[in-house]
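# Residue-level structural notes
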Amino acid sequence: MRSHSKILAIAVLAVGVQLWACGGSSDTPPGPLAKHFDDMYIAAIPLDQKQSVVTTQNDWSVAKMQNAKAEADYNDSITQLSIVRNDQKAAKLGVDSAVSNKKSAEASADTNRMNQATKDLHNAESLAKAADARVKYYDAYRAYLKVVLHHAQENMYWREAQYEQAKAQLGQKSGIAPKGIAYDAFPKQEQDRNKRASSAKDRAESEKRRALSARDNWLKAQETADRETGRSTNLPDPMGSKSAASSR
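Residues numbered from 1 in each chain as written. Predicted model: local features only at pLDDT ≥ 70, side-chain atom pairs only at ≥ 80, totals over all residues. Heavy atoms only, no water.

## Things to note about the packing of aromatic side chains
One pass over the structure, following the stated rule, counts seven aromatic pairs. Aromatic pair W60 and Y163: ring centres 5.5 Å apart, planes at 25 degrees, arrangement stacked. One end of the pair, W60, is in helix α3 (residues 51-108); the other, Y163, is in helix α4 (residues 111-173), with 103 residues separating them in the sequence. Classification of Y163 by relative accessible area gives buried; the value is 5%. Centroid distance Y137 to W218: 5.6 Å. Interplanar angle 20 degrees. Geometry classified as stacked. Linking Y137 in helix α4 with W218 in helix α5 (residues 185-229), this pair joins segments that are 81 residues apart in sequence. Residue class for Y137 comes out buried when judged on its relative accessible area of 0%. Here the aromatic cluster, defined as three or more aromatic residues joined through ring pairs, consists of F37, Y41, Y183 and F186. (Phe/Tyr/Trp six-rings, centres within 6.5 Å; stacked < 30°, edge-to-face > 60°. Helix = DSSP H or I, 4+ residues; strand = E, 2+ residues; numbered from the N terminus. Buried < 20%, exposed > 50% of the residue type's maximum accessible area, 1.4 Å probe, protein only.)

## Quick word on the nonpolar core
Generally speaking, soluble globular proteins have nonpolar side chains that are buried together. Counting residues in hydrophobic clusters, the biggest one holds 19 residues, and the most contacted among them are Y137, Y141, Y144 and M239. Sorting the residues of this core by element identifies α3, α4 and α5 as the ones contributing at least two each. Membership of the second largest hydrophobic core comes to 16 residues, among which are L33, I42, M156 and Y163. (Core = buried A, V, L, I, M, F, W, Y, C linked by side-chain atoms within 4.5 Å.)

## Some details on the side chain of Q189
Mapped onto the elements of the fold, Q189 is located in helix α5. Q189 sits in the buried class, given a relative accessible area of 9%. A polar side-chain atom of Q189 sits 3.2 Å from the main-chain amide nitrogen of A34. Setting aside chain neighbours within four positions, we find Q189 in contact with L33, A34, K35, A161 and E164. (Polar contact = N/O pair within 3.5 Å; in protein donor to acceptor, adjacent residues only side chain to side chain. Contact = heavy atoms within 4.5 Å.)

## Comments concerning the confidence of the model for the protein
Confidence along the protein averages 89 in pLDDT terms, with 86% of residues attaining 70 or more. Contacts from residues 1-25, a stretch scored under 50 in pLDDT, to residues over four places away or in other chains number three contacts. Below a pLDDT of 50 lies the segment residues 243-248, which in the model reaches 18 contacts outside its immediate sequence neighbourhood of four places, other chains included. (pLDDT = per-residue confidence, 0-100.)

## Some remarks on the packing of α3 against α4
Between α3 and α4, whose axes approach to 7 Å, the crossing angle comes to 170 degrees. On the basis of the axis angle, α3 is roughly antiparallel to α4. Of the two possible hands of crossing, α3 and α4 adopt the one that is left-handed. Across the contact of α3 with α4, the residue classes break down as 31 nonpolar, 16 polar and 20 charged. (Axes fitted to C-alpha atoms, helices over the stretch in contact; angles between N-to-C directions. Parallel < 35°, antiparallel > 145°, perpendicular 65-115°, else oblique. Left-handed = near helix turned anticlockwise from the far one by under 90°. Nonpolar A, V, L, I, M, F, W, Y, C, P; charged D, E, K, R; others polar.)

What follows is the structure, given as C-alpha cells:
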C-alpha cells in the first residue's frame, strides 16, 4: 500500500513539473493573501503616524483599478479577434472568387480579360496574406493582454501585501500585540508577492515584444496589399501609438 502511495506522489509531482514547464501555473490567477492585519488594531493611532499606511493603501487602490482595466481590455479583445477572423474569411472568399474568374477568363481566350483576372487574383492573394498576418497579430495581442492581466493581478496582491505590512509595522512599533499575529510573517509575504509581481512583469514585457513583432509583420503585409491594390486602408491597430496598450 505504501509503495502505491509513493508511485502516486511521484506521478503528481511529475504532472506538476510538466505544468510548470509549460507555463500552466503562471496562467493560473494568483490566490488571495494569507496574512491580514485588521484595521481595528491601529484605529486609535493618530492619523499623522499613519503616513505609510495611507500611502500603501492608495497604491493598492490604484492597483485594483489597473487590474479592472486589464480585465476589461482582455475581455474586449475576444470581440476584436472575432472581427478580424471574419475579415480573414472574407479575404479567402475573395481569393476563391478571383480563382474562378481567372478560370473563366482563360476559357474565353480573351487576352484582356485574362490579364485583368490575373491581376485581380494577385491582389486578392495579397489582401488574404495581409488578413492572415492581421489575425496572427491579434492572436499575439490577446495573448499579451492575458499576461498583462496576470501581472495586474499579481501587482494588486503585492500592493495589498505592502499595505498589510505597513499596518503590521505600525502596530508592532506601537506595542500592539494581537493574539495569533506573527509580525515576521508580513515582510515574508510582501517579499514573496514582490517576486511574483516582478516575474509576471518580465513575462508581460516578453509577450509584448512578441506581439509587436507580429504587428510589424502585419503592417508590412498590409502596406504591400494597399500598394498593389491601389487602396488606402485605415484598419484598427490596438498597439498603435494612440492605443493604451502601447504605453504599458
